[in-house]
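Architecture at a glance
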Protein chains: 2
Amino acid sequence: YEYLEQELLSYRELAAETLDGHSITLRGNVELAEEVDLALREGAKGVGLYRTEFLFMNRERIPDEEEQYLAYREVVERMAPHPVTIRTLDVGGDKLVTDIDLSDEANPALGLRAIRFSLQEGKLFNTQLRAILRASAHGQVRILFPMITGLAEIRSCKNLLEEVKAELAAEGYAFDADIQIGIMIETPSAVLIAELLAQEVDFLSVGTNDLIQYCLAIDRGNEHVAYLYEPLHPAVLRALQMVCRAGQSAGIEVGICGEMAAEPLYALVLLGLGFDELSMNAPYLPRVKRIIRQARRSEALELVTELLQFGTAPEVASCLQKEMQQRF
Amino acid sequence: YEYLEQELLSYRELAAETLDGHSITLRGNVELAEEVDLALREGAKGVGLYRTEFLFMNRERIPDEEEQYLAYREVVERMAPHPVTIRTLDVGGDKLVTDIDLSDEANPALGLRAIRFSLQEGKLFNTQLRAILRASAHGQVRILFPMITGLAEIRSCKNLLEEVKAELAAEGYAFDADIQIGIMIETPSAVLIAELLAQEVDFLSVGTNDLIQYCLAIDRGNEHVAYLYEPLHPAVLRALQMVCRAGQSAGIEVGICGEMAAEPLYALVLLGLGFDELSMNAPYLPRVKRIIRQARRSEALELVTELLQFGTAPEVASCLQKEMQQRF
Ligand SMILES: [Mg+2]
Ligand SMILES: [Mg+2]
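What counts, and where the lines are drawn
Residues numbered from 1 in each chain as written. Chains lettered and ligands numbered in written order. Predicted model: local features only at pLDDT ≥ 70, side-chain atom pairs only at ≥ 80, totals over all residues. Heavy atoms only, no water. Helix = DSSP H or I, 4+ residues; strand = E, 2+ residues; numbered from the N terminus. Rg over C-alpha atoms; globule rule 2.2 N^0.38 Å. Buried < 20%, exposed > 50% of the residue type's maximum accessible area, 1.4 Å probe, protein only. Contact = heavy atoms within 4.5 Å. Areas by Shrake-Rupley, 256 points an atom, 1.4 Å probe, with all protein chains shown as cover. Disulfide = S-S within 2.5 Å. Donors = N, O, S within 2.8 Å, 3.2 Å for Na, K, Ca; no water. Axes fitted to C-alpha atoms, helices over the stretch in contact; angles between N-to-C directions. Parallel < 35°, antiparallel > 145°, perpendicular 65-115°, else oblique. Nonpolar A, V, L, I, M, F, W, Y, C, P; charged D, E, K, R; others polar. Pairing = 2+ DSSP bridges. pLDDT = per-residue confidence, 0-100. Buried area = accessible area lost by both parts, 1.4 Å probe. Salt bridge = Lys/Arg side-chain N within 4 Å of Asp/Glu carboxyl O. UniProt positions renumbered as here; feature names shortened; annotations may be inferred. Core = buried A, V, L, I, M, F, W, Y, C linked by side-chain atoms within 4.5 Å. Least-squares fit on C-alpha atoms with pLDDT ≥ 70 in both. Expected span 1.5 Å × (residues − 1). Phe/Tyr/Trp six-rings, centres within 6.5 Å; stacked < 30°, edge-to-face > 60°. Lys NZ or Arg CZ within 6 Å of the ring centre and 35° of its normal.

What follows concerns the overall build of chain A. The helix and strand inventory of chain A stands at 15 helices and eight strands. Against the globule reference of 20 Å for 328 residues, chain A gives a C-alpha radius of gyration of 20 Å, in line with a compact fold. Looking at the 328 residues of chain A, the share that counts as buried comes to 59%. A separation threshold of at least 6 residues defines the contact pool for chain A, and within that pool the share at least 24 residues apart is 70%. Accessible surface computed for chain A: about 12700 Å², of which carbon and sulfur atoms make up 47%.

Shown next as structure tokens:
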């Protein structure tokens, strides 16, 4: 075990590249500026998911533009020159102090949250977009919109972003006018029309935790149905495949920032499906890189073709485990 | 308006056939035996969805086998020789008096309900399957399992059904040993692997209400997100197309029993997508049949190809409305 730790340490400086020369971008998920240093130490080439909820929750007042700007800027500067992907507010409206009363939502997971909430709370969203854009003057920033279900939401986001750019320009602020925008793919709808959505954005990022829950119509926090949460469910694999293909057709980067990205068992599968970026909490990075560096892309492609033949998650898992045991 | 009523009356006896000779099966959704007569009067060729929840809810005790058998038998006999599709219990567990405490489910729509609940409550499910099978001695019965997400659930249902058949045979009861079994397609997962599921059953029935909600990750009962409930959302159209294609490949019937089936505006779309059966509350049958009889399948196919090009529901709706105004 200690030996493995030593070996993993040595991976931190090495490229995330397969034996047959295919590169994957490994990035970190962070919530606080301090976590950026850890991600860098573990070899992250940027932040694939910067969760901004932390700034907003458990407090009386929504943070103002300056406070957000300073927080985002610190993450961006620490990670420079690598990109930081800032996800706009992704909470259920019930978690924040606002004027909208959401305490009566019968199914909050299917309610006013994430981008729906931001689009409804114009002032709050405007402030966050201003802060993100201002932070983009200090490094490479990408904006990520959560819980998109269709083109209309993307267009609303883009329009608002353009308005904010115009405001900031008029006020003399510096920002990246060509800031990249991406969307989380975490609703089944976004999977089904991934090829349409991919034409409107610069990158896709799959949020597997929510995607699995919505695909299977389960709340994994519910003990009675948690057994149905299966990342290797054939429907999930097909969904991931559809998203990767959509990204490839559109020529844009497809990442994954859910828990699946951090599980070494799935690394070959994600490689074979065609993901360009895996983003995870820093401590998992070396283990995943180790798998990537010992694999061939061609074999991962074959493996995925084989896994897609199976009808149930246990069958997929058993085939995958056998393969992994033989190799690692 | 009176003239239209008269005209619709005349449709009741006519076949649900397009101008170019393609037949669709129109069936009724019922909850009570009395509704069967109404469905027959409106021209239904069977029951596409018999909801059994009514028998179970708002009472102290789960109905016993005999009570269920008599209820199912009455519907089956009234509808003979047309088939009756009996859906097994499709409620949230929180709605019934059982030993499982589900009052703490944070998101009941993503919880222990429908087939999940039946598979957990073995005695209750066994009793319902016995009653359904015994009713199958009195006419043509099909069993429909709700909220399927994968093959494992179908296999469990089939195994339990075979056990019940063996029990009944040993006890000397008459039943249809070749009873057809089908599944509701209402989770995104079931759409994504429809082609696998179709190989295991005799028919598919799309529950559009839930499917739309799960695809778009919304609770339409929630006023804050109800605006996102769009039956013509491009993701919904693609989902319906995937299901129809899966059924066609497997050579089995694909029906639709959600509210979409009852909306004349959607009839051409459903025809073009390739549905074999539309099932709805009786009063809607003549209006839908009128559309079918005045349409050509070939034109409906072209229309669907055109509608699938659009990126948003309002664009789809506007194209469809224009087409419908020109024709009807
Ligand atoms: Mg999410
Ligand atoms: Mg349902």
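In this section: the state of the cysteines. All chains considered together, the criterion is met by zero disulfides over all chains. Free of any disulfide, C215 of chain B has its nearest neighbouring cysteine sulfur in C215 of chain A, separated by 8.2 Å. Here C215 of chain B falls in the buried class, since its relative accessible area comes to 0%. Lacking any disulfide linkage, C244 of chain B is separated from the closest cysteine sulfur, that of C257 of chain B, by 13 Å. With a relative accessible area of 1%, C244 of chain B lands in the buried category.

Coordination of the magnesium ion (ligand 1) by the protein comes from E186 of chain A (OE) and D210 of chain A (OD), over a distance range of 2.0 to 2.2 Å. Placement of E186 of chain A in the loop between β5 (180-185) and α8 (188-192) and of D210 of chain A in helix α10 (residues 208-216) is noted, with a sequence separation of 24 residues between them.

Residues and elements named next belong to chain B. Packing of helix α12 (residues 264-273) against helix α15 (residues 313-327) brings their axes to within 10 Å, and their N-to-C directions diverge by 100 degrees. Put simply, α12 runs roughly perpendicular to α15. Only L320, Q321, M324 and R327 of α15 make contact with α12, whose side of the interface consists of P264, L265, Y266, L268 and V269. In the contact of α12 with α15, the residues fall into seven nonpolar, one polar and one charged.

Moving on: the sheet that holds strand β8 (residues 277-280) of chain B. Residues and elements named next belong to chain B. Ordered in space as β1-β2-β3-β4-β5-β6-β7-β8, the eight strands form a closed barrel in which the pairing is parallel. Between one strand axis and the next, the sheet turns by 25 degrees as a mean value, whatever way the strands run. Relative to strand β5 (residues 180-185), strand β4 (residues 141-145) runs parallel, the two sharing four bridges. Opposite I143, over in β5, you have I181 as the bridge partner.

With that settled, the discussion passes to the confidence of the model for chain A. A residue-level look at chain A finds 97% of positions with pLDDT of 70 or above and a mean pLDDT of 94. For this predicted complex, the interface confidence score (ipTM) comes to 0.96, while the overall pTM stands at 0.96.

Turning our attention to the sheet that holds strand β2 (residues 47-51) of chain A. Pairing between the strands of a sheet is mediated by backbone hydrogen bonds and can be parallel or antiparallel. All names here are of chain A. Ordered in space as β1-β2-β3-β4-β5-β6-β7-β8, the eight strands form a closed barrel in which the pairing is parallel. Looking at each pair of strands side by side, their axes are set apart by 25 degrees on average, direction ignored. Sheet topology places strand β6 (residues 203-206) next to strand β7 (residues 253-256); four bridges connect them, and they run parallel. Counted as the bridge partner of V206 is I256 from β7.

Taken together, the contacts link 48 residues of chain A with 48 residues of chain B. For the pair chain A and chain B, the summed buried surface comes to about 3700 Å²; carbon and sulfur atoms form 60% of the total. When the area that chain A buries against chain B is broken down by residue, the three leading residues are L110, L192 and H224 of chain A, summing to 18%. The tally of links from chain A across to chain B stands at four salt bridges.

Residues and elements named next belong to chain A. The feature "binding site: phosphoenolpyruvate" (unreviewed entry), as given by UniProt, occupies R51, R87, N209, D210 and R220 in the numbering adopted here. Across 170 residues in sequence, these annotated residues place their C-alpha atoms as far as 22.7 Å from one another, rather than forming a single compact spot. Here R220 shows up in the loop between α10 and α11 (234-250). A residue is classified by how much of its surface remains accessible, and R220, at 30% relative accessible area, is partly exposed. Discounting chain neighbours no more than four positions away, the residues touching R220 are N209, Q213, A226, Y229 and E259.

Of all hydrophobic cores here, the largest spans 215 residues; its most connected members are F145, F275 and L278 of chain A together with Y72, F145, F275 and L278 of chain B. Apart from the residues lying within four places of it in its own chain, the contact partners of F145 of chain A are T88, I115, F125, L129, C157, I181, G182, I183 and M184 of chain A. In terms of nonpolar packing, the next biggest core, distinct from the first, is built from twelve residues, A114 and A217 of chain A together with A109 and A114 of chain B among them.

Attention shifts here to the relation of the copies chain A and chain B. When chain A is fitted to chain B, the best match, at an RMSD of 0.0 Å, comes from turning it 180 degrees and sliding it 0.0 Å along the axis. Here the symmetry operator amounts to a two-fold rotation axis. Every residue of chain A has its C-alpha some distance from the rotation axis, and the shortest such distance is that of N107 of chain A, at 2.2 Å. Mapped onto chain B, 100% of the interface residues of chain A again fall at the interface, so both copies present the same surface.

Another point: the coordination of the magnesium ion (ligand 2). With distances of 2.0 to 2.2 Å, the protein atoms coordinating the magnesium ion (ligand 2) are E186 of chain B (OE) and D210 of chain B (OD). When its relative accessible area of 19% is taken as the criterion, D210 of chain B is described as buried.

Right, let's get into the pattern of salt bridges. Note that side chains of opposite charge can pair when their charged atoms are close. In total, this model carries 46 salt bridges over all chains according to the counting rule given. Between R27 of chain A and E277 of chain A there is a salt bridge; the shortest N-O distance is 2.5 Å. Placement of R27 of chain A in strand β1 (residues 25-30) and of E277 of chain A in strand β8 (residues 277-280) is noted, with a sequence separation of 250 residues between them. In terms of burial, R27 of chain A and E277 of chain A fall into one category: buried. K158 of chain B serves as the salt-bridge partner of E200 of chain B, at 3.3 Å between the closest nitrogen and oxygen. Of the two residues, E200 of chain B is situated in the loop between α9 (194-197) and β6 (203-206) and K158 of chain B in helix α7 (residues 151-171); the sequence distance between them amounts to 42 residues. A single network of salt bridges, built from pairs that share partners, joins E65, E66, R130, R134, E167 and E171 of chain A.

The α-helix winds at 3.6 residues per turn, so residues separated by three or four positions along the chain end up facing the same way. Residue and element names in this part refer to chain B. For helix α11 (residues 234-250), with 17 residues, the first-to-last C-alpha span of 25 Å sits near the 24 Å given by 1.5 Å per residue. When you tally the buried positions in α11, you get twelve out of 17 residues, the bulk of the element. What α11 keeps buried is the set P234, A235, V236, L237, R238, A239, L240, Q241, V243, C244, A246 and G247. Positioned one or two residues after α11, G251 has a phi angle of 70 degrees, which is positive.

Moving on, we get to the packing of aromatic side chains. Overall, the coordinates contain four aromatic pairs over all chains when judged by the stated rule. A centroid spacing of 5.8 Å and a plane angle of 85 degrees characterise the contact between Y50 of chain B and Y72 of chain B, whose relative ring orientation is edge-to-face. In this pair, Y50 of chain B sits in strand β2 (residues 47-51) while Y72 of chain B sits in helix α4 (residues 65-79), placing the two residues 22 residues apart along the sequence. The class of Y50 of chain B is buried, set by a relative accessible area of 3%. Judged by its relative accessible area of 0%, Y72 of chain B is buried. Relative to F145 of chain B, the ring of F125 of chain B lies with its centre 6.1 Å away and its plane at 70 degrees, an arrangement referred to as edge-to-face. Of this pair, F125 of chain B sits in helix α6 (residues 122-135) while F145 of chain B is found in strand β4, placing the two residues 20 residues apart along the sequence. Note on F125 of chain B: relative accessible area 1%, which makes it buried. Lying across the ring of Y69 of chain A, R134 of chain A places its NZ or CZ 4.0 Å from the centre.

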